Amino acid sequence: QVQLVESGGGLVQAGDSLRLSCAASTRTFIFSTIIMAWFRQAPGKEREFVAGITGSGFTTNYADSVRGRFAISRDNAKNMLYLQISSLKAEDTAVYYCAAKTTGHSVHYTGGYDNWGQGTQVTVSS
């Protein structure tokens, strides 16, 4: 299993930048081999994939709706996952979840994530 804890959310203004963090803890897997991702869920809507990253951090995958403004990264030495968000829009308002894929080898397939954090709220005012 992988324990995931998100942080960095809050109330911000449209146009601002924000960095979300996810701290991962595992005694079963090697963190650098786990595919990681960010998802988000707005009120009344389904949870949607935002961005994914391979264990090495060499390859990333972004949803079309966020490409160009969002940047996913990781620091395997610190067991950390990050999401840098630029030019925030009201439509970015959602609960953002950190996720891990312990089984599977494709970052291009947005399904298959089997570990989830509790989420961090991002609210963008305009």
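Residues numbered from 1 in each chain as written. Predicted model: local features only at pLDDT ≥ 70, side-chain atom pairs only at ≥ 80, totals over all residues. Heavy atoms only, no water.

1. Some points on the state of the cysteines
The tally for this structure, following the rule as stated, stands at one disulfide. Two residues share a disulfide in this structure: C22 and C98, whose sulfurs sit 2.1 Å from each other. On the sign convention where negative is left-handed, the bridge of C22 and C98, at about -75° about the S-S bond, is left-handed. With C22 in strand β3 (residues 18–25) and C98 in strand β9 (residues 94–101), the pair connects residues that are 76 residues apart, well separated along the chain. C98 carries the same exposure label as C22, and that label is buried. (Disulfide = S-S within 2.5 Å. Helix = DSSP H or I, 4+ residues; strand = E, 2+ residues; numbered from the N terminus. Buried < 20%, exposed > 50% of the residue type's maximum accessible area, 1.4 Å probe, protein only.)

2. With respect to the pairing of strand β11 (residues 120–125)
On β11, burial follows the alternation: T120, V122 and V124 on one face are buried, whereas Q121, T123 and S125 on the facing-out side are not. In this sheet, β11 lies alongside β9 in antiparallel orientation, the contact comprising three bridges. Opposite V95, over in β11, you have Q121 as the bridge partner. (Pairing = 2+ DSSP bridges.)

3. A word on the pairing of β3
Pairing of strand β1 (residues 3–7) with β3 involves five bridges; the strand directions are antiparallel. Note on β3: the bridge partner recorded for S7 is S21. As paired elements, β3 and strand β8 (residues 80–85) share six bridges and run antiparallel to each other. Counterpart to R19 in the pairing with β8 is Q84.

4. Some thoughts on the side chain of T26
Its location among the elements puts T26 in the loop between β3 and β4 (35–41). In terms of polar contacts, T26 uses its side chain to reach the backbone carbonyl oxygen of Q1, at 3.0 Å. A polar atom in the side chain of T26 sits 3.1 Å from the backbone nitrogen of F29. For T26, the residues in contact, after removing those within four places along its chain, are Q1 and V2. (Polar contact = N/O pair within 3.5 Å; in protein donor to acceptor, adjacent residues only side chain to side chain. Contact = heavy atoms within 4.5 Å.)

Structural measurements only, silent on function.
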